[in-house]
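Coordinates in review
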Amino acid sequence: MSFEDYHGIWVFIEVKDGEVVPVSLELLGAGKELADKRGTELAGVLIGENVTQLADSLFEYGADTVYVYDYAIFKDYRTESYMKALLECCQKYKPEVILYGATSTGKDLASAVATDLPTGLTADSTILDIEEDTGLLLASRPAFGGNIMATILCKKYRPQMATVRPKVMKALTPEPGRTGKLVEETASLKEEDIRTKVLEIVRHTTQKVKIDEADIIVAGGKGLGSPNGFQLVHQLAETLGGAVGGSRDVVEAGWIEHHHQVGQTGVTVTPKIYFAIGISGAIQHIVGMQNSGLIIAINNDPEAPIFQSSHYGIVGDAFEIVPLLIEQFKQAFN
Ligand code: FAD
């Protein structure tokens, strides 16, 4: 393998319900910086059915080239079909870097591609950089329970790959009318080659406001004592039209489902307002919400670490304070 043969920074473009998911646009922003440093091109790989028209917006968000696999066989995400398309594309054009969103699809696809190529993969990166001269990708992520940042290198294989957390990188401001090179690829794959069949897609319907898109998040922790006490969090969220979040401990206790978990092993969120109620403020929680616009903590322990990361802190019993807040907000909105 000669590294000289590998050129270009690629982003796997994830499509959901006919639209490009935000993290893919964020990765085009991050990828553009890497591509400029290396003096190489930025490309997107778009796989799906009826997706070709999405390429226009990818050019506006910074892609120079878009490789498209637009076939019925790619209608629903399946590891085998998407992996084979991406592997083919990779073997044909030899990119030096491929970035994926650290979504369930991105993580699944990246690990399958890494195994088959084979190459290395850094999961859940939060910082990306590249050495201009060697082209070595520097993918950093929290390690050892969030106590250190580890920078992981892939020195012996190409392409170098990383999944990147949503909402960590910034998308570029789109440049209307910017165009690029559209490369329509031929899929060699047939339906009978794929073992997995999608029979039905069952969506979560319990979450009223999506946590990763919410402007207001009301998150609760073990300090609420019980599933019953945690209802206060739901009530405040409903009053404010916000989403409900939780610490890992309440998820593990079964008070709320995992997709509400904020933090290192949950989602990273950046709402305008984040309420942390009965949450101690462990580093693994903080890394998932520290970039929120305004953080308001309610905790009965004045020494709780959450106050170090909050803009406003209320020291007191959540069971006294939260009902008062609900009442006041209800009055204000009426
Ligand atoms: P606690 O730490 O028990 O805190 C409860 C808080 O409530 C205390 O500060 C207490 O003073 C306060 N309190 C008690 N009663 C009241 C009351 N009546 N009114 C007001 N306040 C009250 N955690 C996450 O959240 N997200 C993650 O993604 C995550 N990932 C992890 C990954 C790893 C590898 C590890 C090792 C840990 C991870 N954790 C994560 C766990 C994390 O370390 C903490 O254990 C967890 O965040 C603590 O949850 P908590 O704040 O709800 O509970």
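For the structure itself, look to the data block above.
Before going into details, it helps to say that this report is about the structure given with it. (Residues numbered from 1 in each chain as written. Predicted model: local features only at pLDDT ≥ 70, side-chain atom pairs only at ≥ 80, totals over all residues. Heavy atoms only, no water.)

**Let's talk about helix α4 (residues 104–116)**
The terminal C-alpha atoms of α4 lie 19 Å apart, and with 13 residues this matches the ideal 18 Å at 1.5 Å per residue to within 8%. Here α4 has its buried residues at T105, G106, L109, A110, A112, V113 and A114. Looking at the packing, one finds that the buried side of α4 touches β1 (9–13), α3 (79–93), β6 (97–101), β7 (121–125) and β11 (160–164). (Helix = DSSP H or I, 4+ residues; strand = E, 2+ residues; numbered from the N terminus. Expected span 1.5 Å × (residues − 1). Buried < 20%, exposed > 50% of the residue type's maximum accessible area, 1.4 Å probe, protein only. Contact = heavy atoms within 4.5 Å.)

**Some points on the pattern of salt bridges**
Counted according to the given criterion, the structure contains 11 salt bridges. In this structure, R38 engages E96 in a salt bridge whose closest nitrogen and oxygen atoms are separated by 2.9 Å. Here R38, found in helix α1 (residues 22–38), pairs with E96, found in the loop between α3 and β6; they are 58 residues apart in sequence, far enough to count as distant. R178 is the salt-bridge partner of D64, the closest N and O atoms lying 2.9 Å from each other. Highlighted residues: D64 in the loop between α2 (55–60) and β5 (65–70) and R178 in the loop between β11 and β12 (181–184), separated in sequence by 114 residues. By relative accessible area, which is 23% here, D64 ends up partly exposed. Look at the salt bridges and you will find they share partners, linking K32, D64 and R178 into a network. (Salt bridge = Lys/Arg side-chain N within 4 Å of Asp/Glu carboxyl O.)

**Notes on the site of the ligand**
Contacts to the ligand come from 25 residues, most closely from K222, S247, T265, S280 and N299. Within the side chain of Q284, one N or O atom sits 2.8 Å away from an oxygen atom of the ligand. A distance of 3.2 Å separates a nitrogen atom of the ligand from a polar backbone atom of N300. Contact with the protein chains covers 76% of the free accessible surface of the ligand, which is 990 Å². For the ligand, the cavity whose grid points lie within 2 Å of the majority of its atoms is the second largest pocket. Split by residue class, the shell around the ligand holds 5 nonpolar, 15 polar and 5 charged. (Near = heavy atom within 4 Å. Polar contact = N/O pair within 3.5 Å; in protein donor to acceptor, adjacent residues only side chain to side chain. Areas by Shrake-Rupley, 256 points an atom, 1.4 Å probe, with all protein chains shown as cover. 1 Å grid on protein atoms, 1.4 Å probe; cavity = no way out; pocket = protein on both sides within 12 Å on 5 of 7 lines; lining within 4 Å. Sits in = over half its atoms within 2 Å of the grid points. Nonpolar A, V, L, I, M, F, W, Y, C, P; charged D, E, K, R; others polar.)

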